[in-house]
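# Secondary and tertiary structure notes
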Amino acid sequence: MSLVTNNELVAKLKPIFMDHEIEGRILPLVAEINRLKKEKNAVLLGHNYMTPDVFWGVSDIIGDSLYLSKMAKETNADIILFNGVHFMAETAKILSPNKKVLIADPKAGCSLAESITRDDVKKLKAQYPGVPVVTYVNCSAEVKAETDVCCTSANAVQIVNAMETDTVIFLPDEYLAGNVRNNTTKKIISHPGRCMVHEIYTPEDILTAKRLFGGELTVISHPECHEDVVKVSDFSGSTSQMIDFVKNANTNKIMLVTECSMGDNIKSEFPEKEFVSTCQTCPHMKKITLEKVRDALLYEQFEIFLDEEVIRLAQKSVNRMLELSYKK
């Protein structure tokens, strides 16, 4: 079943889609996908960067990569369909190796994940022997297999500070590494990987918006942005932290410095607030459509397969992240 009723879904989609598209395309597809989920005992995980029709219409569990990683491990479904990009589906397979894990489009990649290989990590480990490797989850399963512990943008500083060394290798996002460096006393060795969406933003973008809107505007940026962008923002955090901030913010005029659909989904959740659009779109996330979600379930296609050794080694780094993140 989806997260919302049809009436609630229509209300969330109206600011984004034309009425004829909602009634003629989206609602019939949502009904068909929800029927297939019941027939096949499937659960759909939806990342915050999915378009609102996929995010609100058919994703059973929604959130950022940390939360979805945790829920992938705990689900009792026979099939996991990850509405996100390829490395996210791989992470679900790592944590649920005996389940059938699908992705709606195997070409939904990630510029960060493609910026580093397993051999790159091995070379860094040889160059800095004994230095722990903390790797952002935006990487392939093979890279996770060479990693001591994974992290997300929500817990990156927490994970780095948990390492019992003065120096940490932090991969692959150099901008996230810079923002972590500003919030820890540890020496950070980074790698030149970037998110193709967040690297577009500049401090001038933020300062121009603030000049236009004055003190009424609150700017919220993602830590995958350059540290100079984060410095001139009012708040920086993961997608889940952004949602919490918007929920509790006193301001009613907000600019989100992140992927475009994130703004659409938050706008649907908080219609009383005004959002200033920056709208940088991830072409990989946009490969996931309702039609492709339907076909993936219908034909049980584009299954994720990983080498058993890669799963075993990668499980250690992902489970270590979950232990450090959720320990009481």
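Since we're looking at a predicted model, the values are computed, not measured.

## Overview of the pairing of strand S3 (residues 79-83)
Among the five residues in S3, five count as buried, and that is most of the element. Of the two faces of S3, the one lined by Ile-79, Leu-81 and Asn-83 and the one lined by Ile-80 and Phe-82 are each fully buried. Inspection of the sheet shows strand S1 (residues 42-47) paired to S3 by five bridges, in the parallel sense. Considered in S3, the bridge of Gly-46 is made with Asn-83. Of the strand pairs in this sheet, S3 and strand S4 (residues 100-103) are connected by four bridges, and their pairing is parallel.

## As for the sheet that holds strand S11 (residues 253-257)
Spatially, four strands are ordered S10-S9-S11-S12 in an open sheet, and the strand pairing comes out parallel. Both outer strands of the open sheet, strand S10 (235-236) and strand S12 (274-276), are each paired with one neighbouring strand and no more. In the sheet, strand S9 (residues 217-221) pairs with S10 via two bridges, with the strands oriented parallel. Considered in S10, the bridge of Ser-221 is made with Ser-236.

## Quick notes on the environment of Val-160
Among the structural elements, Val-160 can be located in helix H8 (residues 156-162). Given a relative accessible area of 0%, Val-160 falls into the buried group. Leave out the neighbours within four places in its chain, and Val-160 touches Val-134, Val-168, Phe-170, Val-180, Thr-184, Lys-186 and Ile-188.

## Things to note about helix H2 (residues 19-40)
Here H2 spans 31 Å end to end across 22 residues, near enough to the 32 Å set by a 1.5 Å rise per residue. Where H2 is buried, its residues meet helix H1 (6-13), S1, helix H3 (52-57) and helix H14 (290-299). At the exit of H2 stands Asn-41, carrying a positive phi of roughly 50 degrees.

## Section: empty space enclosed by the protein
A full pass over the atoms with the stated rule returns two cavities of 30 Å³ or more. Looking at the largest cavity, its volume works out to about 270 Å³. As for the largest cavity, its lining consists of 27 residues, of which Tyr-49, Met-88, Asn-138, Glu-224 and Met-285 are closest to the centre. In this model, the second largest cavity occupies a volume close to 40 Å³. As for the second largest cavity, its lining consists of Ser-65, Leu-68, Ser-69, Phe-82, Phe-87, Met-88, Thr-91 and Val-137. The set of elements that each furnish at least two residues to the lining of the second largest cavity consists of helix H4 (65-74) and helix H5 (86-95). Partitioned by chemical class, the residues of the lining of the second largest cavity number five nonpolar, three polar and no charged.

Cut-off values and rules
Residues numbered from 1 in each chain as written. Predicted model: local features only at pLDDT ≥ 70, side-chain atom pairs only at ≥ 80, totals over all residues. Heavy atoms only, no water. Buried < 20%, exposed > 50% of the residue type's maximum accessible area, 1.4 Å probe, protein only. Helix = DSSP H or I, 4+ residues; strand = E, 2+ residues; numbered from the N terminus. Pairing = 2+ DSSP bridges. Contact = heavy atoms within 4.5 Å. Expected span 1.5 Å × (residues − 1). 1 Å grid on protein atoms, 1.4 Å probe; cavity = no way out; pocket = protein on both sides within 12 Å on 5 of 7 lines; lining within 4 Å. Points joined across faces, edges and corners; volume = space filled by probe spheres on them. Nonpolar A, V, L, I, M, F, W, Y, C, P; charged D, E, K, R; others polar.

Worth remembering: the numbers are spatial, not functional.
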